[in-house]
Every structure is written in structure tokens, then in C-alpha cells.
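# Reading the structure
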Amino acid sequence: MVQTGAAVETELIEAPARLSHPPETRVQARPEARFWLVVMSAVALGAAVRFVYLFHAAPTFVGGDGFSYYLEALRIADGLGYTSALGDVGAELAHHPPGWVTLLAGVTEAGGRSMRAHQVTGLVIGLGVIVVAGLVGRRYAGRRVGALAAFLAAVYPGFWVLDVQILSEPLGLLAGGLLMLVLADLWQRPTLGRALLAGAIAGALALVRSEQLLLLAIAVAPILLLNRRTTIRQRLTCTAVAGLTVLVVIAPWTIHNLGRFEEPVVLSTNAGSALLAGNCPPSTYSGELLGHYDVRCAVELARRTPDLDRSKVESALRSAAFDNMLDNVDRLPATFLARYGRTIGVFRPYQTVGFAAGWLGSATWAVWAWVASFWLVAPLAAYGSVLLRRVKAFQWPLIAPLVIVLLVVTIAYGEPRYHTPADLGLVVLAAVALDRLAGRLRSAAP
């Protein structure tokens, strides 16, 4: 049949569109669009939950590390550098790594000097965690799991309670989620570029939460070294690239510290104080504070060494903590169990919740909601992990942060906030379990 000029013109105009968007691509675009619609709905729900909590129930004056971060950010914005705002005011400070406080300083410099502005900053980052939870769930287990993970992250109290406490946890979760996404690609398609990106994100995460530097050893390196998709030489090269990239990312901070302290400070000086607080005999090895912390040992040691700089004090605190462990070896098994129990809120729960609420300056009901919801998320996550293992699905980056949590709690002390770095992976695994349970309900329905 001979086409008319108009028909030919129409055919020529529509052909490129059909070639650039073949039928299967258009079919796939619809589920992708629905996925993003669901994720944005989860973000809207999460924003509603967080802003209602912020303006109606959250503390207007945060306590704990959040208060320290706030004051230190003001000093950085005012040109006073990374220096102490409490105690020995003006002394050089590296109690925490610089990532979170530097971001807060930028917010302060932009005009957000109030504590409320810093709370909103954490809240906004928490909304980003919802998006990342959806992306991680989709990457590891499909769109439905990603959508469920986003909604779980939106309503999980373990996230929204801490989002407004001016703590580094929300930023750490965001960076940790991005690392999970990159590690999934690195496992399936290992390249130098992906190894470089993984190292950059791992280094950035370490500048937010110093203990997460261990992910280089327990997640990034094993994924590269045990990957049989490449030759041994390529595995070693990619691992070296990732490691060197981490060093390059953290090097400016470490070099800056070399000129400020007498002993090398790689990321922070808070390990010694945390260790000694959790290993302060006899109180943390028995009695009411079993498994928790007592700052009196650290305060007493610091009082006896007033002329030492913070790096020297950190070394002394760390040595004292390990000496106390060796002197109380017989009490360590019971202490370990108590620490684990306090972390998940099952050992002396009323006392543990009261301690956590007092430290945060928060209402106890919010901490109870956090602890009780974790009791639901944790077993679901265990079931989700079993389901992924049955189908031999890759999941190690979701679990690796939990290994770090166990290590930190074992040698320091237990409290609910310490399991937060692992909560993103647990939420995604819980979404896997919920997806399976929902599928069984649909199959059982008439």
C-alpha cells in the first residue's frame, strides 16, 4: 500500500520515539514510577511523623552529645576552630570525628544558629535515610521490599527519635546506606571505579562515625578479595585502591591533628573515655550499673592528669580500661551479657530506658517506643536474613554494621543508641520478611 505524504511524515516523526522507548522499556517504566511514588509517599509520612514529634514532643533543649555538637558547631562557625566549648574551653578538640559538626557549622554559618535549626538539619537528613532505605531494599531484594523498607524507615522510632537529637547517627545512616548500594554493585561488577567510590564513601562515613572505619576491613576488603568474577591481581588492585582512597579522604583531618596533639589522633579521642566509662570497677561489673557506664573513673583519672593534652589523656584512659578488664576477667561474661541486654532493651529495661531518656533529654515514652519497635524489627530482620540466604542472595553489607555494634558493645557498654548504625540493614531485612508474610496472606486469601 502506498502511504500518503502525511502518513510518511507521521511515521518518520514517531519512529525515533518508538526506537528510544521500546515497548518493554515503557512497561518497565511504570513499575519504576510507582516505586518512586511510594517512596515519596513514605518520605511525606516520615516528614509528618518527625515534624509532629519535633514541635510537640521532642526536647527543645537536647542533652548528651547533641548539646556538645551544637556548641562546637557554633565555635567553628565563629572562626574558633575545632576547640572545646565545655570544661577546658578553647582547648584543641577531636572528641568526635569532624564530619557531623562541620556540617552543623555550615548550617550555623548560613544563619541557622539556633538549636532548633540544628534539630531540623538532622530531621532533613533523616528524610534522606528513608529514600536510601527504599533504594537499598530495591537493590538487594526488589521493588516491593524497597517500598516496604522506605515505609518502615519512615515510622521506625529508632530513626525519628534520634533525628532531632543533633546526633551524628542520621548522617552516619545516610552514608552507610550509600555504601551498601555501592557494595552491591561492587560485588556484581567489580571495577576500579567502583572500588574508588566505595573507598571514598567508607572514608566519609569514618569521618562521621569513627568506629565505622572497620567496614573497610569487614565489608569492602572481603567483597573485593573473595570475588571470583575477577583475577587475583585485579582483586588485589581494587582492594588497594579502596584502601588508599579511604586514607586520602581521612588524611586532611589526621594531618591537621598531628599539629595539635602530642600523640597521633587518626579520627577521634573518644574511644578511651567510652572504654573506661564501661569498665569502671566495681560499679559497671556488678550492682545497679552492671553493663552500663560510670564516668567517675574517667573523671578521676583526668583530674590526676590536668597537664596532659587530650591525646595523652585518651591514651591513659584506654590503658586504664584494659587494665580494669584484665583485673576483672571473672566478671566479664556476666558483664558482656548485661551489655548486650541493655543494648536491645531487655536487661533492666525500665532502668535502661530511663538512663537513655535522661541522657537525651527526651520523654521516656519516646524511648520506650524506640525499644519496643526494635523488639519487632530484630526478629523480622533475622527471618528476612534467613529468607535471603535460602535463595543465596547477597546480603553481607546489610549485616556487617551489626558486627561492629557487637564489638563496640562487648568492650565498652550497652545502651539502645549503640545498635543504631546497624538499624538500616535490619529495617531492610525486616522488609524482606514482611514481603514474604504479606505474600503468604495473599496466597491464603480466597
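Predicted, not measured: the structure shown is a model, and the values here were computed from it. (Residues numbered from 1 in each chain as written. Predicted model: local features only at pLDDT ≥ 70, side-chain atom pairs only at ≥ 80, totals over all residues. Heavy atoms only, no water.)

## Here we look at the overall build of the protein chain
What the protein chain contains, in helices and strands, is 19 helices and 0 strands. The principal-axis extent of the C-alpha atoms belonging to the protein chain is close to 100 × 55 × 50 Å. Looking at the protein chain as a whole, 49% of its 446 residues are labelled buried. In the protein chain, the proportion of contacts linking residues at least 24 apart, taken out of those at least 6 apart, comes to 76%. Summing over all exposed atoms, the protein chain offers an accessible surface of approximately 20300 Å²; the carbon and sulfur share of this is 67%. Of the side chains in the protein chain, 37 bear a positive and 29 a negative charge, and the two mean positions are spaced by 12 Å. (Helix = DSSP H or I, 4+ residues; strand = E, 2+ residues; numbered from the N terminus. Buried < 20%, exposed > 50% of the residue type's maximum accessible area, 1.4 Å probe, protein only. Contact = heavy atoms within 4.5 Å. Areas by Shrake-Rupley, 256 points an atom, 1.4 Å probe, with all protein chains shown as cover. Lys, Arg positive; Asp, Glu negative; His and termini not counted. Charge placed at Lys NZ, Arg CZ, Asp CG, Glu CD.)

## Concerning the pattern of salt bridges
Applying the stated criterion across every chain yields a total of 19 salt bridges. Glu-300 serves as the salt-bridge partner of Arg-304, at 3.7 Å between the closest nitrogen and oxygen. One end of the pair is Arg-304 and the other is Glu-300, both in helix H13 (residues 296-304) and 4 residues apart, which spans about a single turn. Given the relative accessible area of 54%, Arg-304 is considered exposed. Owing to a relative accessible area of 30%, Glu-300 belongs among the partly exposed residues under this scheme. In the salt-bridge network here, residues are joined through shared partners; they are Asp-65, Glu-169, Arg-209, Glu-211, Glu-415 and Arg-417. (Salt bridge = Lys/Arg side-chain N within 4 Å of Asp/Glu carboxyl O.)

## Some details on the packing of helix H9 (residues 192-206) against helix H11 (residues 232-258)
As a packed pair, H9 and H11 sit with axes 7 Å apart at the nearest point and diverge in direction by 35°. The crossing of H9 and H11 is right-handed. Where H9 abuts H11, its residues Leu-192, Ala-195, Leu-196, Gly-199, Ala-200, Ala-202, Gly-203 and Ala-204 lie against Thr-237, Cys-238, Val-241, Ala-242, Thr-245, Val-246, Val-249 and Ile-250. For the contact of H9 with H11, the class distribution of residues is 12 nonpolar, 4 polar and no charged. (Axes fitted to C-alpha atoms, helices over the stretch in contact; angles between N-to-C directions. Left-handed = near helix turned anticlockwise from the far one by under 90°. Nonpolar A, V, L, I, M, F, W, Y, C, P; charged D, E, K, R; others polar.)

## Points about the state of the cysteines
Taken as a whole and assessed by the stated rule, the structure comprises 1 disulfide. The disulfide that involves Cys-280 links it to Cys-297, with 1.9 Å between the sulfurs. Handedness here is read from the sign of the S-S torsion; for Cys-280 and Cys-297, about 80°, the answer is right-handed. One end of the pair, Cys-280, is in the loop between helix H12 (271-278) and H13; the other, Cys-297, is in helix H13, with 17 residues separating them in the sequence. Look at Cys-297 and you get partly exposed, because its relative accessible area is 21%. (Disulfide = S-S within 2.5 Å.)

## Overview of the packing of aromatic side chains
Within this structure, the stated rule accounts for 13 aromatic pairs. Consider the rings of Tyr-140 and Phe-394, whose centres lie 6.1 Å apart with planes at 15°: the pair is stacked. Of this pair, Tyr-140 sits in helix H5 (residues 115-141) while Phe-394 is found in the loop between helix H17 (364-390) and helix H18 (396-411), placing the two residues 254 residues apart along the sequence. On the accessibility criterion, Phe-394 (21% relative accessible area) is partly exposed. Within the aromatic cluster, the residues linked to one another by ring pairs are Tyr-53, Trp-160 and Trp-365. (Phe/Tyr/Trp six-rings, centres within 6.5 Å; stacked < 30°, edge-to-face > 60°.)

## Points about the side chain of Thr-343
Structurally, the position occupied by Thr-343 is in helix H15 (residues 332-343). Within the structure, the side chain of Thr-343 is placed 2.8 Å from the backbone oxygen of Arg-339, a separation counted as a polar contact. Not counting chain neighbours up to four residues away, the residues in contact with Thr-343 comprise Val-409, Gly-414, Glu-415, Pro-416 and His-419. (Polar contact = N/O pair within 3.5 Å; in protein donor to acceptor, adjacent residues only side chain to side chain.)

## Brief notes about the nonpolar core
Counting residues in hydrophobic clusters, the biggest one holds 55 residues, and the most contacted among them are Ile-130, Val-136 and Val-367. Counting residues per element, the ones that place at least two in this core are helix H2 (23-56), H5, helix H6 (143-155), helix H7 (157-163), helix H8 (169-188), helix H16 (349-360), H17 and helix H19 (420-444). One finds Leu-186, Ile-201, Leu-205 and Leu-215 within the second-largest nonpolar core, a separate group that totals 20 residues. (Core = buried A, V, L, I, M, F, W, Y, C linked by side-chain atoms within 4.5 Å.)

## A word on H18
Because an α-helix completes one turn every 3.6 residues, residues spaced three or four positions apart along the sequence face the same direction. With 16 residues, H18 should reach 22 Å at 1.5 Å per residue; the first-to-last C-alpha distance of 23 Å fits that figure. Buried within H18 we find Pro-397, Leu-398, Ala-400, Pro-401, Ile-404, Val-405, Val-409 and Thr-410. Among the structural elements, H5, H8, helix H10 (215-225), H15 and H19 are those in contact with the buried residues of H18. (Expected span 1.5 Å × (residues − 1).)

## Structural notes on the packing of H5 against H19
When two helices pack together, their arrangement is captured by the angle between the axes and the distance separating the axes. Running from N to C, H5 and H19 point in directions that differ by 55°, and their axes come no closer than 10 Å. By the criterion of interaxial angle, the relationship of H5 to H19 is oblique. You can see that H5 and H19 cross each other, and the crossing is right-handed. In this structure, H5 uses Val-129, Val-132, Ala-133, Val-136, Gly-137 and Ala-141 to contact H19, whose residues at the interface are Leu-424, Val-428 and Val-432. Looking at side-chain class alone, the contact of H5 with H19 contains 8 nonpolar, 1 polar and no charged residues. (Parallel < 35°, antiparallel > 145°, perpendicular 65-115°, else oblique.)

## Brief notes about the side chain of Thr-254
With respect to the helices and strands, Thr-254 occurs in helix H11. Those residues in contact with Thr-254, other than ones at most four positions away along the chain, are Val-265 and Val-266.

## Section: a nonpolar patch on the surface
A cluster of nonpolar side chains, contributed by Leu-225, Leu-226, Ile-232 and Leu-236, occupies part of the molecular surface with about 410 Å² of accessible area. Here Leu-226 lies in the loop between H10 and H11. (Patch = residues over 30% accessible without salt bridge, like charges linked within 9 Å, V, L, I, M, F, W, Y side chains within 5 Å.)

## Looking at the confidence of the model for the protein chain
Across the protein chain, the average pLDDT comes to 91, with 93% of residues at 70 or higher. pLDDT under 50 marks residues 1-21. Its contacts with residues more than four places away, or in other chains, come to 3 contacts. (pLDDT = per-residue confidence, 0-100.)

## Thoughts on the environment of Pro-281
Here Pro-281 is to be found in the loop between H12 and H13. Along the sequence, Pro-281 and Pro-222 sit 59 residues apart, while their C-alpha atoms lie 38 Å from each other. Apart from residues no more than four positions distant in its own chain, Pro-281 is found in contact with Cys-297, Asn-324 and Asn-328.

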